[in-house]
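Here is how the chains run, residue by residue.
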Amino acid sequence: MTRQQELIAQRILTRPNGVAEALRQRRWADLATAVEFAQADVPKDLAITDPALYRTLRQHITTFYLRGGGALNLDKLRHLANPPN
């Protein structure tokens, strides 16, 4: 995952209605990036290099799952983002 993709995922996950806004705006690629980021979890080395950011991201990923984010299908989001011609 590129740095730009990480920033997109973090932006979606850390906003209170980030997932809902992305769904409403049909930003499938951004949603797929956020789901992939959440599934990969926060890099463990971030706990040492930036503990505050690590805790914040862990909290937002937990909230993402508690709000039903685990029901989002990564393959379907990728397919919506890149439909076959």
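Residues numbered from 1 in each chain as written. Predicted model: local features only at pLDDT ≥ 70, side-chain atom pairs only at ≥ 80, totals over all residues. Heavy atoms only, no water.

Q: Which residues make up unusual backbone geometry, and what values go with them?
A: Notably, arginine 26 is not glycine yet its phi reads approximately 55°, a positive angle. Under the relative-accessibility criterion, arginine 26 is labelled exposed at 62%. The backbone of aspartate 41 sits at a positive phi, close to 70°, despite the residue not being glycine. Mapped onto the secondary structure, aspartate 41 falls in the loop between helix H3 (28–40) and helix H4 (46–49). (Buried < 20%, exposed > 50% of the residue type's maximum accessible area, 1.4 Å probe, protein only. Helix = DSSP H or I, 4+ residues; strand = E, 2+ residues; numbered from the N terminus.)

Q: Account for the side chain of glutamine 10, naming residues and giving values.
A: Structurally, the position occupied by glutamine 10 is in helix H1 (residues 3–14). Every residue in contact with glutamine 10, bar those within four places of it in the chain, is listed here: Arg3, Phe37 and Leu57. (Contact = heavy atoms within 4.5 Å.)

Q: Can you explain the nonpolar core? Please cite residues and give values.
A: As a rule of thumb, nonpolar side chains are buried together in soluble globular proteins. Membership of the largest hydrophobic core comes to 19 residues, with the highest contact counts inside it found for Leu13, Phe37, Val42 and Ile61. Listed by contribution, the elements that provide at least two residues to this core are H1, H3, helix H5 (51–66) and helix H6 (74–81). Here this core takes 6 residues from H3, the largest share from any one element. If we ignore the near neighbours within four places in the chain, the residues touching leucine 13 are Ala34, Phe37, His60, Ile61 and Phe64. (Core = buried A, V, L, I, M, F, W, Y, C linked by side-chain atoms within 4.5 Å.)

Q: Which residues make up the packing of aromatic side chains, and what values do they have?
A: When we look at a pair of aromatic rings, we describe it by the centre distance and by the angle of the planes. Throughout the structure, instances matching the rule amount to 1 aromatic pair. Note on phenylalanine 64 and tyrosine 65: the rings are 5.2 Å apart at their centroids and 70° apart in plane angle, and the pair reads as edge-to-face. Given a relative accessible area of 6%, phenylalanine 64 falls into the buried group. For tyrosine 65, a relative accessible area of 37% translates into the label partly exposed. (Phe/Tyr/Trp six-rings, centres within 6.5 Å; stacked < 30°, edge-to-face > 60°.)

Q: Can you break down the environment of alanine 71 residue by residue, with the values?
A: As for its position among the elements, alanine 71 is in the loop between H5 and H6. On the accessibility criterion, alanine 71 (68% relative accessible area) is exposed. It is 13 Å that separates the C-alpha atoms of alanine 71 and glutamate 36, two residues lying 35 residues apart in sequence.

Function cannot be inferred from these measures alone, as they are strictly geometric.
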